[in-house]
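Geometric and topological summary
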Amino acid sequence: MILRAKYVMPNSYTIIENGAVAIQGSEIVDVGPYPTIQHSGTLPIHDLGEAILTPGLVNAHTHLDLTSSADSVQRVPKFTDWVFQIVGKRNPSTIEPSIREGVQQSLAGGVTAVGDIDGTGGSAQILRDTPIRKVVFCEVLGFSGEHATTGLARLTAYLDAAPVLDSLLTPALSPHAPYSTSADIYRQCVASGLSVCTHIAETKEELEFLSSGTGAFVDYLEAFGISTAGWRPPQATPMQYMETLGVLDKKSLLAHCNYLTDADVTILAESGASVVFCPRSHHYFYHTDHPVLQLIERGINVAIGTDSLASNWSLSLLDELKFLGRTQPRIHPETLFDMVTYNGAKALGLERVGRLERGWQADIIAVKIPNDGRPAIEQILDSASENLLTVVGGKICYSSNHQE
Ligand SMILES: [Zn+2]
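Residues numbered from 1 in each chain as written. Predicted model: local features only at pLDDT ≥ 70, side-chain atom pairs only at ≥ 80, totals over all residues. Heavy atoms only, no water.

**Some points on the domain arrangement of the protein chain**
- For the protein chain, the assigned domains read domain 1 (2-56 + 355-399) and domain 2 (57-347).
- Using only C-alpha atoms to locate each centre, domain 1 and domain 2 end up separated by 31 Å.
- Taken together, the 28 residues of domain 1 in the interface contact 24 residues of domain 2.
- Considering only the surface of domain 1 that becomes buried against domain 2, Gly56, Leu381 and Val392 emerge as the three largest contributors, covering 25% of it.
- Across the contact surface, domain 1 and domain 2 share one salt bridge.
- Residues Arg133 and Asp363 are paired through a salt bridge, measuring 2.6 Å at the closest nitrogen-oxygen approach.
- There are ten residue pairs in polar contact (both at pLDDT 80 or more) connecting domain 1 and domain 2.
- Secondary-structure elements contributing two or more residues to the side of domain 1 that touches domain 2 are strand E5 (51-55), strand E14 (364-368), helix H15 (376-380), strand E15 (386-392) and strand E16 (395-399).
- Looking at the side of domain 1 that touches domain 2 element by element, the count peaks at five residues for E15.
- Per-class residue counts for the side of domain 1 that touches domain 2 are 15 nonpolar, nine polar and four charged. (Domains from an automatic or database assignment. Contact = heavy atoms within 4.5 Å. Buried area = accessible area lost by both parts, 1.4 Å probe. Salt bridge = Lys/Arg side-chain N within 4 Å of Asp/Glu carboxyl O. Polar contact = N/O pair within 3.5 Å; in protein donor to acceptor, adjacent residues only side chain to side chain. Helix = DSSP H or I, 4+ residues; strand = E, 2+ residues; numbered from the N terminus. Nonpolar A, V, L, I, M, F, W, Y, C, P; charged D, E, K, R; others polar.)

Given below as structure tokens:
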């Protein structure tokens, strides 16, 4: 198939007028001005008109299994109270429809790839036949005693099971967070060799817990009957703790990183780990300013995520990009666009994804723009822009006229 539009933006820094992308199978075979496009055979042409073709958006952090239960979660100022509402929300009857609805909402919002946290161990089977690219992080937690034993058993069972085979699916692991997951489980996740995503430096309460072993997370664990009695806090920042456990390397993805010291940023920069910033979720929890600018300036790979609908109002990464454009005026639009495309793919370990180039995966969206003469990238960030078409691995998975 050939996709044609007024503009093609193969990466954040290049604009082609009257452009087109030729696709054969799952790959891009040519990108350029429409009259020069090379391909073999006769390919059907889809003309998107006053739109811009761009790489598909990568949502590097979400929880699709919470999509349908989100309405019952109240916005409360205290993070541990919010988590209390989430625990137990995932039940077998809601997981499958929740994930399927989440995939549809994602595709409609311009998302071609997700980093999805699997809260029950069942997401990969459900996601296997859905037409979106996904890295599925099986969530493991267990802090002490029986809680830790159960978590380790779950991790072992997951690693022993046959991997889910799907050209669009990559299995990975998510040790949940330092207040819910033991050092041993963290180490075993790293030893598996799979990519690892963890929630880290998310709240001030987490800093207190790791520094002195006190505060809201002690109450939280005890409310679930999980003892902190024999546990010695590492007396470290969350990032220092992750470094000690060997978590930080090129295969690690750190969700949130809301509260970092300068020394933490240096540790991160030297590790090659990626950070996923969730701007609207960050806003939802009333956090103080995120150090995203500092991370970018230090050359750290920063991707963007929506988190779940339990702390956001849509799974659209186009919406997230527009929110970023409004709230982070000091970051260039080109950098913002890299964060929702190429950086996300890099953070998830996806190769040949995130740009439109010959031989790369045909993950493409068509964004309708106001056509008001401004640079195309600024028009994508305009509140009036909308996603018309989502293509994943060369297949049309969503169009604003009808779903295919
Ligand atoms: Zn999360």
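The structure having been displayed, the exposition proceeds.
**Some words on the coordination of the zinc ion**
- Around the zinc ion, the protein contributes the donor atoms His61 (NE2), His63 (NE2) and His199 (NE2), which lie 2.1 to 2.2 Å from the metal centre.
- The sequence motif formed by the donor residues of the zinc ion is H-x1-H-x135-H.
- With relative accessibility at 0%, the residue His61 sits in the buried group.
- Residue classification places His63 among the buried residues on the basis of a relative accessible area of 7%. (Donors = N, O, S within 2.8 Å, 3.2 Å for Na, K, Ca; no water. Buried < 20%, exposed > 50% of the residue type's maximum accessible area, 1.4 Å probe, protein only.)

**Looking at the state of the cysteines**
- One pass over the structure, following the stated rule, counts zero disulfides.
- Left without a disulfide partner, Cys197 is nearest to the cysteine sulfur of Cys278, which lies 8.8 Å away.
- With a relative accessible area of 2%, Cys278 lands in the buried category. (Disulfide = S-S within 2.5 Å.)

**What to know about unusual backbone geometry**
- The backbone phi angle of Ala201 is positive, close to 50°, even though this residue is not glycine.
- With respect to the helices, strands and loops of the structure, Ala201 is situated in the loop between strand E10 (196-200) and helix H6 (204-212).
- With a relative accessible area of 1%, Ala201 lands in the buried category.
- The phi torsion at Cys257 lies on the positive side, around 50°, for a residue other than glycine.
- Relative to the elements of secondary structure, Cys257 occurs in the loop between strand E11 (252-256) and helix H9 (262-271).

**Topic: the packing of aromatic side chains**
- In this structure the tally under the stated criterion is eleven aromatic pairs.
- Between Phe209 and Trp231 the ring centres are 4.5 Å apart and the planes differ by 15°, which places this aromatic pair in the stacked class. Here Phe209, found in helix H6, pairs with Trp231, found in the loop between helix H7 (216-223) and helix H8 (238-244); they are 22 residues apart in sequence, far enough to count as distant.
- By relative accessible area, which is 0% here, Phe209 ends up buried.
- Assessed through its relative accessible area of 23%, Trp231 is described here as partly exposed.
- For the pair Tyr220 and Phe224, a centre-to-centre distance of 5.2 Å together with 70° between the ring planes defines the contact as edge-to-face.
- In this structure Tyr220 comes out as buried when scored by relative accessible area, which is 10%.
- Residue classification places Phe224 among the partly exposed residues on the basis of a relative accessible area of 34%.
- Of the aromatic side chains, those joined through ring pairs into one cluster are Phe143, Tyr179, Phe209, Phe217, Tyr220, Phe224 and Trp231.
- Over the face of the ring belonging to Tyr34 we find Arg4, whose NZ or CZ atom lies 3.7 Å from the ring centre. (Phe/Tyr/Trp six-rings, centres within 6.5 Å; stacked < 30°, edge-to-face > 60°. Lys NZ or Arg CZ within 6 Å of the ring centre and 35° of its normal.)

**Remarks on the packing of helix H4 (residues 145-160) against helix H5 (residues 183-191)**
- Across the interface, H4 lies against H5 with an axial gap of 10 Å and an inter-helix angle of 10°. With respect to each other, H4 and H5 are oriented roughly parallel. Where H4 abuts H5, its residues Ala148, Gly151, Leu152 and Leu155 lie against Asp184, Ile185, Gln188 and Cys189. (Axes fitted to C-alpha atoms, helices over the stretch in contact; angles between N-to-C directions. Parallel < 35°, antiparallel > 145°, perpendicular 65-115°, else oblique.)

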